[in-house]
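Observations on the model geometry
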Amino acid sequence: MIRDVLLVARKDLRLEWRSRVGVGQVLPFALLCVLLFAFALDVDRGVLQEATSGLFWVVVLFATVLVVQRAFAIEADDGVLDALRLSGLAPSAVYLGKVVAITVELLALEVVLWLAVAVLYDTTLRGWGLLAATVVLATLGAAAAGATYGVVGLRLRGAETLLPLLLLPLLAPVLIGATSASDVALGRSAGPGWPWAAMLGIFSGVYLLLGSVLFRPLMEDP
Amino acid sequence: MTIDPTPVAPVAPPVDVSPSGRRPAPTSTSSRATRILGALSLAGIVALAVFGLAITPPDAQLGETIRILYMHVPTVSAAYVAFIVTAVGSVLYLWKRSEFWDLLAASSAEVGVLFFALTIFNGMLWGKITWGVFWRWEPRLTTTTVLFLTYLGYLAVRRIPTSVRTRATVSAVIGILAVVNIPITHKAVDWWRGLHQEKTIFGTVDPEMQGTQLFTAYLGLTVFLLLFAWLVIHRFRLAWLTERAEERSLDDAIAARRAEGVEEVAP
Amino acid sequence: MASSPVVDLRGVVAVVGRFPALAGVDLRVGSGEVVLVRGPNGAGKTTLLRLCAGLLPVTDGHAEVLGVDLAVAGRDVRRRVGLLGHATFLYADLTVLENAVFWARATGVTPDDAVAALDRLEVPARVRDLPVRSLSTGQRRRVSLAVTVARRPELWLLDEPHAGLDATGRDLVDGLVAEASAAGATVLFASHELERAEAVARRIVTIAGGVVTDDEVVRRSSDAGVGGEVSGDP
């Protein structure tokens, strides 16, 4: 099982490394968003500093939509979804492999994005423990929910444009939790931060479990 | 539409009898039971209006705005019932693979979305009166709006043309994911607004209520649950008949396809 | 025909989207048979092969493949068949070798089997480290065939296996079919290369309008002429 998960994840990451869609398209888009927020919100009144965590996580959610779309677009290559169905790989292994790959790609993107935000929004990064836990758990949750919906776009032609509508409301708790926890970590708001991280952990756990089970009918139903 | 002077029963309308002698399809989604259910719901709405607007006294704290609650609480409750029905239908579809559960889930979700829209609407009216603005980030209303959008996605997926089976499977999965998200969203939004205590529109019947107020609150719940059942049954039957019509055209398509094969052999 | 058929379709209707691509197919194929499925474009050949692979829902009728009822456990059939379709089933951005190894691992055979299959299909060593994207249609076809060969299917479902191949490639396909059949596997293939296909097949099923319109056993004389390497009747 773990062998198959890694097989799929490695394949996805190798494809990403070859095509550089994440580095060449998603990352520049995310940086562009960081820039656009500065134009939309007055740069001189400290709004950006105030809203750093929120803006950061909104950008991450947008990037998640794109990364998920890409992760499943590669399975639309010349009939490979059928080949996966014929291969005998457990659907849950395919699902978890996808989650791993999407998580790794998003984490890489988030590291760069935090640096960009720190420089451009004049934010000092701190509260490392909480920040790291938040980043990992929120990303895992977004990937877990995203991978389940990504395959929907594969099964239904015309559903690709639906992905944001399906995925983003589901990720509203992730946005709330991740923003609140990051605010605490960065010292922008008082109050406990770890309960938020715990909520993100529960979200990830629930959706990983649901995704592993529900991916089977989504992928395999004739 | 022309009026047919001949009695309808027992002769089926000629349009429904195909040359191959199939049984006539039902021409309506109503039955005795639904007519009774419909009459009860409509009478109940009238009674609710009378009780809610005239008979009950204004509330000690909420004043006249409590009257909105007699509708707000039932609509949101019925919507949640609807989404639970959708989730149960979705699970049972994935288990039993029967069209019945799929169509029930779909019908229920449609009515649920309608009720959510009503909830948001009357919640905003309440906000305008209470706060002076249509919208504040009141947790219940915020949650409702997020979930409303979630279920709009569910309905959008169902409109994508595909095979009946794929549509059923995909929407069943979404129906399950969406319902699991209800408590999570609730919790997250509650915590998020935790520091901002503000006057909230009640999510449930207030235990402090007494007398006609309490009666009206429960009357509202009953009436809207009846209305929900009535709408879902009709919507379900309509969906069922649509599938039967599809099946007929499929039968014709299969016959045409076979004929194609025979022609191929003939020469 | 063997007592328990490998493919057993009775009145099978298969709806693709909302179109009845198969409109009541009756077909029984015994173990080790090599069957050519022919018919005009749009007759339902591709649908028939995909249905036998367990990739399509059975709308009506009864379909058993390799002793498994497709309506009940299509999944169990999928891993035992080898489907060669119009699509290559390859990741365009992975190299030939990476594709072969990935699919070998995914189907539970060793990377060595994958390499052996590439050798068998005479995929030149110089293209094995190139991304599939940069290969010609014929070369891609050979790679997908190699992936199919490597998994040693019990039932071969080949949709236009000769299409896009050069003369050597076509001979390779014919050789593979003969080999598979000799080893006890069953082969169902659709082809427009009738002369060549009829030389390989022992039985020709014609479909049109989603139904079987003709079913004939190939005369022995044609066997003797071209299909010399095909070993004995199953």
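Criteria and thresholds
- Residues numbered from 1 in each chain as written.
- Chains lettered and ligands numbered in written order.
- Predicted model: local features only at pLDDT ≥ 70, side-chain atom pairs only at ≥ 80, totals over all residues.
- Heavy atoms only, no water.
- Pairing = 2+ DSSP bridges.
- Helix = DSSP H or I, 4+ residues; strand = E, 2+ residues; numbered from the N terminus.
- Axes fitted to C-alpha atoms, helices over the stretch in contact; angles between N-to-C directions.
- Buried < 20%, exposed > 50% of the residue type's maximum accessible area, 1.4 Å probe, protein only.
- Contact = heavy atoms within 4.5 Å.
- Salt bridge = Lys/Arg side-chain N within 4 Å of Asp/Glu carboxyl O.
- Buried area = accessible area lost by both parts, 1.4 Å probe.
- Polar contact = N/O pair within 3.5 Å; in protein donor to acceptor, adjacent residues only side chain to side chain.
- Phe/Tyr/Trp six-rings, centres within 6.5 Å; stacked < 30°, edge-to-face > 60°.
- Lys NZ or Arg CZ within 6 Å of the ring centre and 35° of its normal.
- 1 Å grid on protein atoms, 1.4 Å probe; cavity = no way out; pocket = protein on both sides within 12 Å on 5 of 7 lines; lining within 4 Å.
- Points joined across faces, edges and corners; volume = space filled by probe spheres on them.
- Nonpolar A, V, L, I, M, F, W, Y, C, P; charged D, E, K, R; others polar.
- Core = buried A, V, L, I, M, F, W, Y, C linked by side-chain atoms within 4.5 Å.

1. A few points about the sheet that holds strand β6 (residues 81-84) of chain C
All names here are of chain C. Overall, mixed pairing links the six strands, which are arranged β6-β7-β8-β3-β9-β10 in an open sheet. Every other strand in the sheet has two partners, leaving β6 and β10 (211-217) as the edge strands with one partner each. Ignoring which end each strand starts from, the neighbouring axes of this sheet average 15 degrees apart. Pairing of strand β7 (residues 155-159) with strand β8 (residues 186-190) involves five bridges; the strand directions are parallel. Note on β8: the bridge partner recorded for W156 is V187.

2. Here's the deal with the environment of T212 of chain B
Residue and element names in this part refer to chain B. Counting through the fold element by element, T212 comes out in helix α6 (residues 211-265). Given a relative accessible area of 33%, T212 falls into the partly exposed group. Residues T212 and I55, 157 residues apart in the sequence, show an inter-C-alpha distance of 7.6 Å. Ignoring any residue separated from it by four or fewer positions in sequence, one finds T212 in contact with I55, T56 and P57.

3. Things to note about the pattern of salt bridges
Summed over all chains, the structure comprises 29 salt bridges over all chains. Between R158 of chain B and D102 of chain B there is a salt bridge whose closest N-O contact spans 3.0 Å. Taken together, the positions of R158 of chain B in helix α4 (residues 139-158) and D102 of chain B in helix α3 (residues 99-131) put the pair 56 residues apart, joining distant regions of the chain. Relative accessible area serves as the criterion here: at 12%, R158 of chain B is assigned to the buried category. For R10 of chain C, the salt bridge identified is with D8 of chain C, shortest N-O distance 2.9 Å. Overall, the relative accessible area of 7% leaves D8 of chain C in the buried class. Counted as one network, the salt bridges with shared partners bring together K11, D12, E75 and K98 of chain A.

4. Comments concerning the pairing of β10 of chain C
Relative to β10 of chain C, strand β9 (residues 203-208) of chain C runs antiparallel, the two being bridged by six bridges. What sits directly across from I207 of chain C, in β10 of chain C, is V212 of chain C.

5. A short note on the interface of chain B and chain A
Listed per partner, the contact involves 28 residues of chain B and 28 residues of chain A. Counting the surface lost from both chain B and chain A, the interface buries some 2500 Å², and carbon and sulfur atoms represent 81% of this. When residues of chain B are sorted by the area they lose upon contact with chain A, I160, L177 and W191 of chain B head the list and together hold 23% of the total. On the surface where chain B and chain A come into contact, there are zero salt bridges. Where chain B touches chain A, the interface holds three residue pairs in polar contact (both at pLDDT 80 or more). Secondary-structure elements contributing two or more residues to the side of chain B that touches chain A are α4 and α5 (164-192) of chain B. With 16 residues, the single largest contributor to the side of chain B that touches chain A is α5 of chain B.

6. Observations concerning the packing of aromatic side chains
Counted according to the given criterion, the structure contains 21 aromatic pairs over all chains. Their ring planes at 15 degrees and their centres at 3.6 Å tell us that F83 of chain B and Y151 of chain B sit as a pair that is stacked. A residue pair is termed long-range when its members are at least 10 positions apart, and F83 of chain B in helix α2 (residues 66-96) and Y151 of chain B in helix α4 qualify at 68 residues. Accessibility assignment for this pair places F83 of chain B and Y151 of chain B in one class, buried. An angle of 80 degrees between the planes, with centres 4.9 Å apart, marks the rings of F102 of chain C and W103 of chain C as edge-to-face. Both residues of the pair, F102 of chain C and W103 of chain C, belong to the buried class. A network of ring pairs unites the aromatic residues Y80, F83, F116, Y151 and Y154 of chain B as a single cluster. Across from the ring centre of W17 of chain A, 4.7 Å away, lies the NZ or CZ of R20 of chain A, which sits over that ring. The residue whose ring lies beneath R193 of chain B is W192 of chain B, and the NZ or CZ to ring-centre distance is 5.3 Å.

7. Focus: empty space enclosed by the protein
For the structure on display, the rule yields six cavities of 30 Å³ or more. Approximately 130 Å³ is the volume found for the largest cavity. Along the wall of the largest cavity there are 13 residues; nearest its centre are L83, F89, V147, T148 and R151 of chain C. Elements with a minimum of two residues in the lining of the largest cavity: α5 (80-87) of chain A together with β6 and α5 (137-150) of chain C. Residue classes in the lining of the largest cavity are distributed as seven nonpolar, five polar and one charged.

8. Considerations on the interface of chain C and chain A
How big an interface is tends to be stated in terms of the accessible area lost upon association of its parts. Counting residues at the interface gives 27 residues for chain C and 28 residues for chain A. Of the roughly 2500 Å² buried at the junction of chain C and chain A (both faces included), carbon and sulfur atoms supply 58%. Among the residues chain C hides against chain A, the three largest losses belong to R75, R78 and Y91 of chain C. Together they make up 26% of the total. Run the count over chain C and chain A and you get five salt bridges. The salt bridge involving R78 of chain C is made with E220 of chain A; its shortest N-O contact spans 3.7 Å. Connecting chain C to chain A are 11 residue pairs in polar contact (both at pLDDT 80 or more). The leading source of residues in the side of chain C that touches chain A is helix α3 (residues 96-106) of chain C, at five residues. Taken together, the residues of the side of chain C that touches chain A sort by class into 15 nonpolar, four polar and eight charged.

9. Thoughts on the sheet that holds strand β4 (residues 60-65) of chain C
Residues and elements named next belong to chain C. Read across the open sheet, the four strands follow the order β2-β1-β4-β5; overall the sheet is antiparallel. Pairing within the sheet leaves two strands with one partner each, and these edge strands are β2 (19-29) and β5 (68-69). Of the strand pairs in this sheet, β4 and β5 are connected by two bridges, and their pairing is antiparallel. Within β5, the position partnered with V65 by the bridge is V68. Along the sheet, helix α1 (residues 45-52) makes contact with β1 (7-16), β2 and β4, crossing β1 at roughly 115 degrees.

10. Focus: the nonpolar core
Among the nonpolar cores identified, the biggest contains 221 residues, and Y149 and Y207 of chain A together with L9, L51, W103, L157 and F189 of chain C are the most heavily contacted of them. Ranked by residues supplied to this core, first place goes to α2 of chain B with 14 residues. Residues in contact with L9 of chain C, not counting those within four places in the same chain, are V25, D26, L27, R28, L48, L51, C52, H62 and A63 of chain C. With six residues, the next largest nonpolar core counts I254 of chain B together with V13, V15 and A23 of chain C among its residues.

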